[in-house]
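Report on the structure
Residues per chain, in single letters:
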Amino acid sequence: MMARARLAAALIPATAILSCLRTESWDPCVQVVPNISYQCMELNLYKIPDNIPISTKMLDLSFNYLRHLGSHNFSSFPELQVLDLSRCEIKIVEDDTFQGLNHLSTLILTGNPIQSLAWGAFSGLSSLQKLVAVETNLVSLNDFPIGHLKNLKELNVAHNFIHSFKLPEYFSNLPNLEHLDLSNNKIQNIYYEDVKVLHQMPLLNLSLDLSLNPLDFIEPGTFKEIKLNGLTLRSNFNSSHVMKTCIQGLAGLKTNRLVLGEFKNERKLQRFDRSFLEGLCNLTIEQFRIAYLDKFSGDDTDLFNCLANVSVISLLSISLGSLQALLKDFRWQHLEIINCDFDKFPALKLSSLKKFVFTDKKDISIFTEFQLPSLQYLDLKRNHLSFKGCCSHTDFGTTNLKHLDLSFNDVITLGSNFMGLEQLEHLDFQHSTLKQINAFSAFLSLRNLRYLDISYTNIRIVFHGIFTGLVSLQTLKMAGNSFQNNLLPDIFTELTNLTVLDLSKCQLEQVAQTAFHSLSSLQVLNMSHNKLLSLDTFLYEPLHSLRILDCSFNRIMASKEQELQNLPRSLTWLNLTQNAFACVCEHQSFLQWVKDQRQLLVGAEQMMCAEPLDMEDMPVLSFRNATCQLSKTIISVSVVTVLLVSVVGILVYKFYFHLMLLAGCKKYGRGESTYDAFVIYSSQDEDWVRNELVKNLEEGVPPFQLCLHYRDFIPGVAIAANIIQEGFHKSRKVIVVVSQHFIQSRWCIFEYEIAQTWQFLSSRAGIIFIVLQKLEKSLLRQQVELYRLLSRNTYLEWEDSVLGRHVFWRRLRKALLAGKPQSPEGTADAETNPQEATTST
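Residues numbered from 1 in each chain as written. Predicted model: local features only at pLDDT ≥ 70, side-chain atom pairs only at ≥ 80, totals over all residues. Heavy atoms only, no water.

Looking at an unreviewed UniProt entry, one finds the protein named Toll-like receptor 4, with Bos indicus as its source organism. As stated in UniProt under Sequence similarities (unreviewed entry), the record for the protein gives "Belongs to the Toll-like receptor family." (UniProt positions renumbered as here; feature names shortened; annotations may be inferred.)

1. Structural notes on the overall build of the protein
Broken down by element type, the protein carries 17 helices and 46 strands. Residues counted as buried form 51% of the 841 residues belonging to the protein. Contacts in the protein between residues at least 24 apart in sequence constitute 60% of all its contacts with a sequence separation of at least 6. Accessible surface, the protein: about 39,100 Å² in total, of which carbon and sulfur atoms supply 50%. (Helix = DSSP H or I, 4+ residues; strand = E, 2+ residues; numbered from the N terminus. Buried < 20%, exposed > 50% of the residue type's maximum accessible area, 1.4 Å probe, protein only. Contact = heavy atoms within 4.5 Å. Areas by Shrake-Rupley, 256 points an atom, 1.4 Å probe, with all protein chains shown as cover.)

2. A short note on the pairing of strand S18 (residues 284-293)
Counting buried residues in S18 gives seven out of ten residues, a clear majority hidden from the surface. Bridge analysis of S18 against strand S20 (residues 312-318) gives six bridges, and the strand direction is parallel. From the neighbouring strand, Phe288 faces S20, where its bridge partner is Ile313. (Pairing = 2+ DSSP bridges.)

3. With respect to the pattern of salt bridges
Under the defined criterion, the tally for this structure stands at 13 salt bridges. Between Arg805 and Glu692 there is a salt bridge whose closest N-O contact spans 3.1 Å. Taken together, the positions of Arg805 in helix H15 (residues 802-817) and Glu692 in helix H8 (residues 686-698) put the pair 113 residues apart, joining distant regions of the chain. The class for Glu692 is buried, based on a relative accessible area of 15%. Across the salt bridge formed by Asp800 and Arg805, the nearest N and O atoms sit 3.2 Å from each other. Its relative accessible area of 62% is what places Asp800 among the exposed residues. Given the relative accessible area of 24%, Arg805 is considered partly exposed. Within the structure, one salt-bridge network assembled from shared partners comprises Glu692, Asp800 and Arg805. (Salt bridge = Lys/Arg side-chain N within 4 Å of Asp/Glu carboxyl O.)

4. Remarks on the environment of Asp395
Topologically, Asp395 is positioned in helix H4 (residues 393-396). When the C-alpha atoms of Asp395 and Thr368 are compared, they prove to be 7.8 Å apart, with 27 residues separating the residues in sequence. When residues no more than four places from it in sequence are discounted, the contact partners of Asp395 are Phe367, Glu369, Phe370, Gly389 and Cys390. Polar side-chain contacts of Asp395 include one of 3.0 Å to the backbone nitrogen of Ser392. (Polar contact = N/O pair within 3.5 Å; in protein donor to acceptor, adjacent residues only side chain to side chain.)

5. Observations concerning helix H5 (residues 588-596)
Those residues of H5 that sit buried are Phe590, Leu591, Trp593, Val594 and Lys595. Of the surrounding elements, those touching the buried residues of H5 are strand S38 (573-575), strand S39 (581-582) and strand S40 (601-602).

6. A few points about the sheet that holds strand S4 (residues 68-69)
Reading across the sheet, the three strands line up as S4-S6-S8 and stay open at both edges, with parallel pairing between neighbours. At either margin of the open sheet sits one strand with a lone partner, and together these are S4 and strand S8 (116-117).

7. Comments concerning unusual backbone geometry
A cis geometry characterises the amide bond from Glu611 onward to Pro612, with omega recorded as 0 degrees. Structurally, the position occupied by Pro612 is in the loop between strand S41 (609-611) and helix H6 (632-637). Cis geometry marks the peptide bond from Val701 to Pro702, where omega comes out at 5 degrees. Residue placement: Pro702 occurs in the loop between H8 and strand S43 (706-707). The backbone phi angle of Glu135 is positive, close to 55 degrees, even though this residue is not glycine. Here Glu135 is to be found in the loop between strand S9 (130-132) and strand S10 (154-156). Despite not being glycine, Lys505 has its phi angle at roughly 55 degrees, a positive value. With respect to the element layout, Lys505 can be found in the loop between strand S34 (500-502) and strand S35 (510-511). The partly exposed category is assigned to Lys505, whose relative accessible area is 42%.

8. Here's the deal with the state of the cysteines
Per the stated rule, a full pass over the model turns up four disulfides. Two residues share a disulfide in this structure: Cys281 and Cys306, whose sulfurs sit 1.6 Å from each other. Judged by the sign of its S-S torsion, about -75 degrees, the cystine formed by Cys281 and Cys306 is left-handed. With Cys281 in the loop between strand S17 (272-273) and S18 and Cys306 in the loop between strand S19 (296-297) and S20, this pair connects stretches of sequence that are 25 residues apart. (Disulfide = S-S within 2.5 Å.)

9. With respect to the pairing of strand S16 (residues 254-261)
Relative to S16, strand S15 (residues 227-234) runs parallel, the two being bridged by seven bridges. Each residue of the ladder has a partner; that of Gly230, found in S16, is Arg257. In this region the chain leaves S15, passes through helix H3 (residues 240-248) and returns to the parallel neighbour S16; the handedness of that crossover is right-handed. Where S16 and S18 come together, seven bridges link them in parallel fashion. The residue of S18 that forms the bridge with Lys254 is Thr284. (Right-handed = clockwise from strand over helix to strand, strands pointing away.)

10. Remarks on the side chain of Ser432
Along the chain, the position of Ser432 falls in the loop between strand S27 (426-428) and strand S28 (433-435). Within the local environment of Ser432, its side chain forms a polar contact with the backbone oxygen of Leu406, the two atoms lying 2.9 Å apart.

11. Considering the packing of aromatic side chains
What the rule picks out here adds up to 26 aromatic pairs. Ring geometry for Phe98 and Phe122: centres 6.0 Å apart, planes at 10 degrees, overall stacked. Here Phe98, found in the loop between strand S6 (92-93) and strand S7 (106-108), pairs with Phe122, found in the loop between S8 and S9; they are 24 residues apart in sequence, far enough to count as distant. What makes Phe98 buried here is its relative accessible area of 0%. Both rings, one in Tyr170 and one in Phe171, keep their centres 5.3 Å apart while their planes meet at 20 degrees; by these two values the pair is stacked. You can call Tyr170 buried: its relative accessible area is 14%. (Phe/Tyr/Trp six-rings, centres within 6.5 Å; stacked < 30°, edge-to-face > 60°.)

12. Here we look at the sheet that holds strand S26 (residues 411-414)
Across the sheet, which stays open at both edges, the three strands sit in the order S24-S26-S28 with parallel pairing between neighbours. In the strand order of this sheet, the two ends are held by strand S24 (387-390) and S28, each with one partner. Neighbour to neighbour, the strand axes of the sheet diverge by 25 degrees on average, direction disregarded. (Axes fitted to C-alpha atoms, helices over the stretch in contact; angles between N-to-C directions.)

13. Side note on the side chain of Ser86
Structurally, Ser86 can be placed in the loop between strand S5 (82-84) and S6. Excluding residues that lie within four positions of it along the chain, Ser86 makes contacts with Ser62, Phe63, Ile108, Thr110 and Asn112.

14. With respect to the confidence of the model for the protein
Residues at a pLDDT of 70 or more form 84% of the protein, whose mean pLDDT is 84. The low-confidence segment residues 825-841, where pLDDT is below 50, has 26 contacts with residues more than four positions distant or belonging to other chains. (pLDDT = per-residue confidence, 0-100.)

15. A word on the packing of H8 against H15
At a minimum axis distance of 11 Å, the contact between H8 and H15 shows a crossing angle of 65 degrees. In terms of crossing hand, the pair formed by H8 and H15 is right-handed. Listed contacts from H15 to Trp688, Glu692, Leu693, Asn696 and Leu697 of H8 are Arg805, Phe808, Trp809, Leu812, Arg813 and Leu816. Residue composition of the contact of H8 with H15, by class: seven nonpolar, one polar and three charged. (Left-handed = near helix turned anticlockwise from the far one by under 90°. Nonpolar A, V, L, I, M, F, W, Y, C, P; charged D, E, K, R; others polar.)

Set out below in structure tokens:
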């Protein structure tokens, strides 16, 4: 006990000394791109580290304790382009703090309680374009020394204590300013003198955001003859009277875009007087958007009269009785109505309207005809509308319609063959219920239609002339429907230009021999999730342009030897996984073909035998043709031997990968890694991996090279060998994307178990866990080891929000950069792509 006490007494001061030495003697910053980009966030720094090279262009010092910025504080970094000083407890900024940073384009000072800001604090920033000073205790723009920043384009001073809107004279020296964000300040009154500088030198491209300021008064004439690119006023007013008065104070303003209303979670007004929009008669507006206003009082007959000449109108979550009173002479060209409260569907009569969007209104079921003679684009998705006798030009009052979206609605009864709508190019009915589609050739007149989606429309196709007339159709989606006798007939005769066809989940058991004879241009065919019993390649022989064929999740047992040569030569991707293959000598030629075509077959290693029983759930690739050459006598004599060999084979198979991994660790243990990380994930999560993980890591700065099975595995090599040789042995780290699908996937769990063995054998702390969604504990506990690891170790959790994504990517990059060797190529990339470097930080 005495020895332990003495050891503890010695270790405590030693640990304290090491913690103090960290920021000075150690190298605390993460080298994102060698000599170019450094991340020093959350390191408890009290000064700028001395070991950052002079060539640095991007420097993140956020979340430290740089309380006092002295003169020429950053003169050691003349090449700096982006500097992030967010939440560094900065209180004092002296003259010439940023002197010498002639190339700096972005400066972020968010969240610093600045008490003293010298007049020359920003001197020397001749190239600055973006300045963010959110939450910096700023009380007046007059005291903000930025008048010399002639190249400034964006100024964000939101969430401060600015009481006056007075724009200082120095704004006349900012001719390039495009965006000024003053939201969430303390501005109550706006006077003519406040914007005098705008009268003297109009900033034609300036967009102004004054949202969340407690506005009480705008002096009439203040904005007369001023031109703005945009003005946003949301959640500004405490009463309808104040709102009306302030809008009247905007008289004479000319703006390309005006946004009024409130935020969803920032509601101040309980009721709105319809007259509050009367003041807009004295404004010149090109685009108008109003959001989250409830309970309009009074008649709405002439509510929008002052907006008659606006080109674009957007209504988001507002409450109106109707829009029946809109006059024909309104010049609206684009009307967007999203999740608004109406008594009934608006019967519009607007001669100039070209685009109409009416979505997310669940409590209106009856469609009302309207007169829109210039309409070209109509979007009515995600409502609860029913249509009788759909569709013709009389329903929409136009013959110019090119885009029609009626998806996710109620019952749509086809009563005409789209007479007067011959110009349609895009038609979408998915997840609505279609009726009478078999009664006649409903699409006969749509010779210009290029896209048709009737997926999950509860139709049973009986009529063979259903697609007659669609001579220009390129994409046809009809998943989730059914056919008479579960037989796909020859219904595509006229679709000679079709390139994409989706027939998944249609309960198909058979396909007519001539079903695809006319589809010589077809490139993508989805036949998955049906009940096909064989791979009849004669069906696909006429598809000379076919590149992708998906026959997964069927009941295919095999294909005849003479048929296997009939697949189109253009085919590059064939999916036969999740079928019921019969691994018997009768289908020996097909089983050998599977082995020979592993480059063509997607997931060939996942093709499993369904029979005979002794091979159930065994990989098709494990079938041995040699067994079919044995005579019955030899087979009967060799039963015992085969059983023993099977047992030994199973043992070898079970431990084969671990032995293979151990051998590889010795072979590759000290070699240079090809990839930064090998990604283990479920195929169900592939969209997230492609669109989020790959895009942000491989296209960011610095770029990280990921090992992905669908792209980097060597064709013709067993998937397990690829996992070990290309995945683990050639990667510095392993990223495990944990989700519900991951836990339920045997292949994912197998890869994860191999990853644990790899980590143990290679002595690397290289597994990074990403939890993609909240997991049920009961499901997680099924994988005991994974449950323990997630309970005891730090992991990353995906959160789809602006702040959550920012923190997630920053932490993931930091983890991947640990142990990453310097790369001259990364330096070159960053130097040739400074804009990408700016974005990634």
